[in-house]
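Next come the chains, spelled out residue by residue.
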Amino acid sequence: MKSGRLLIQRGHARSGTQGLAIGEPKTEVGRRTIAFDPQMVKVLKQHRKQQGFGRRRAARDGHLEEGGFMFASEHGGPLDPDSFSATFRGPIKMAGLHPIRLHDLRHTLASHLISIGMSPPFIQYRLGHANFEIMLGTCGHLFSAMEADDVEGVADQIYLTADGGTP
């Protein structure tokens, strides 16, 4: 994390037949490098430091699993997605927020990126979607919701320029 970038090269999920499976991302685009701002780098470094305490304790007790995961169990192995999701629900409920799944945060991120005007290719890459169709199928309605504002903004620019003003 020294460079402010995180390489996503594998993931894990629960499979009905195989249990917890660790493997390559579903698509080539899923394998990517994500850049973070300095504040997020600081948070992730602190997280890694805290993980180190747990890893040393697990090693001392003979229970350390080597995995190199950014987010790992107390023994260093992969987090169980179901347990992580259950843990995630607690703070959401305590905050009085509408219950959401952990995966819904991807859609929340996409919504925010769209609302601040990030380009569809950037959003597609950030989310690891294989193609525009997947991204637009998930987020397309948000682009059309912004269209009225965009049309008014373009009209303002055109009419201002036509009147001799500067945009």
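See the structure shown above.
Residues numbered from 1 in each chain as written. Predicted model: local features only at pLDDT ≥ 70, side-chain atom pairs only at ≥ 80, totals over all residues. Heavy atoms only, no water.

Student: For this particular structure, what's the right way to read the pattern of salt bridges?
Tutor: Any two side chains of opposite charge can pair, on the condition that their charged atoms come close. One pass over the structure, following the stated rule, counts two salt bridges. Here Glu-24 makes a salt bridge to Arg-31, at a shortest N to O gap of 2.7 Å. By relative accessible area, which is 35% here, Arg-31 ends up partly exposed. Two residues, Asp-104 and Arg-101, come together in a salt bridge whose shortest N-O distance is 2.6 Å. Taking the relative accessible area as the measure of exposure, Asp-104 reaches 18% and is therefore buried. Looking at Arg-101, the relative accessible area reads 52%, which means it is exposed. (Salt bridge = Lys/Arg side-chain N within 4 Å of Asp/Glu carboxyl O. Buried < 20%, exposed > 50% of the residue type's maximum accessible area, 1.4 Å probe, protein only.)

Student: Even after reading the chapter, I still don't get the packing of helix 3 (residues 104-115) against helix 4 (residues 120-127), so can you show me in this structure?
Tutor: Packed helices, taken two at a time, are described by the angle between their axes plus the distance between the axes. In the contact formed by helix 3 and helix 4, the axes pass within 10 Å of each other and the chain directions differ by 160 degrees. The angle between helix 3 and helix 4 falls in the class roughly antiparallel. You can see that helix 3 and helix 4 cross each other, and the crossing is right-handed. For the pair helix 3 and helix 4, the contacting residues are Arg-106, Leu-109, Ala-110, Leu-113 and Ile-114 in the first and Phe-122, Ile-123, Arg-126 and Leu-127 in the second. Partitioning the contact of helix 3 with helix 4 into residue classes produces seven nonpolar, no polar and two charged. (Axes fitted to C-alpha atoms, helices over the stretch in contact; angles between N-to-C directions. Helix = DSSP H or I, 4+ residues; strand = E, 2+ residues; numbered from the N terminus. Parallel < 35°, antiparallel > 145°, perpendicular 65-115°, else oblique. Left-handed = near helix turned anticlockwise from the far one by under 90°. Contact = heavy atoms within 4.5 Å. Nonpolar A, V, L, I, M, F, W, Y, C, P; charged D, E, K, R; others polar.)

Student: What am I meant to see in the packing of aromatic side chains here?
Tutor: To describe a pair of aromatic rings, one takes the distance between the centres and the angle between the planes. Counting across every chain of the model gives zero aromatic pairs. The ring of Phe-36 is capped by Arg-126, whose NZ or CZ atom sits 5.5 Å from the centre of that ring. (Phe/Tyr/Trp six-rings, centres within 6.5 Å; stacked < 30°, edge-to-face > 60°. Lys NZ or Arg CZ within 6 Å of the ring centre and 35° of its normal.)

Student: What is the right way to look at helix 3 in this model?
Tutor: Count 3.6 residues to each turn of an α-helix, and residues three or four apart come out pointing the same way. Between its first and last C-alpha atoms helix 3 spans 17 Å; for twelve residues at 1.5 Å apiece the expected length is 16 Å, and the two agree. Within the span of helix 3, buried status applies to Asp-104, Ala-110, Leu-113 and Ile-114. Backbone geometry just downstream of helix 3 places Gly-117 in the positive-phi region, at approximately 85 degrees. (Expected span 1.5 Å × (residues − 1).)

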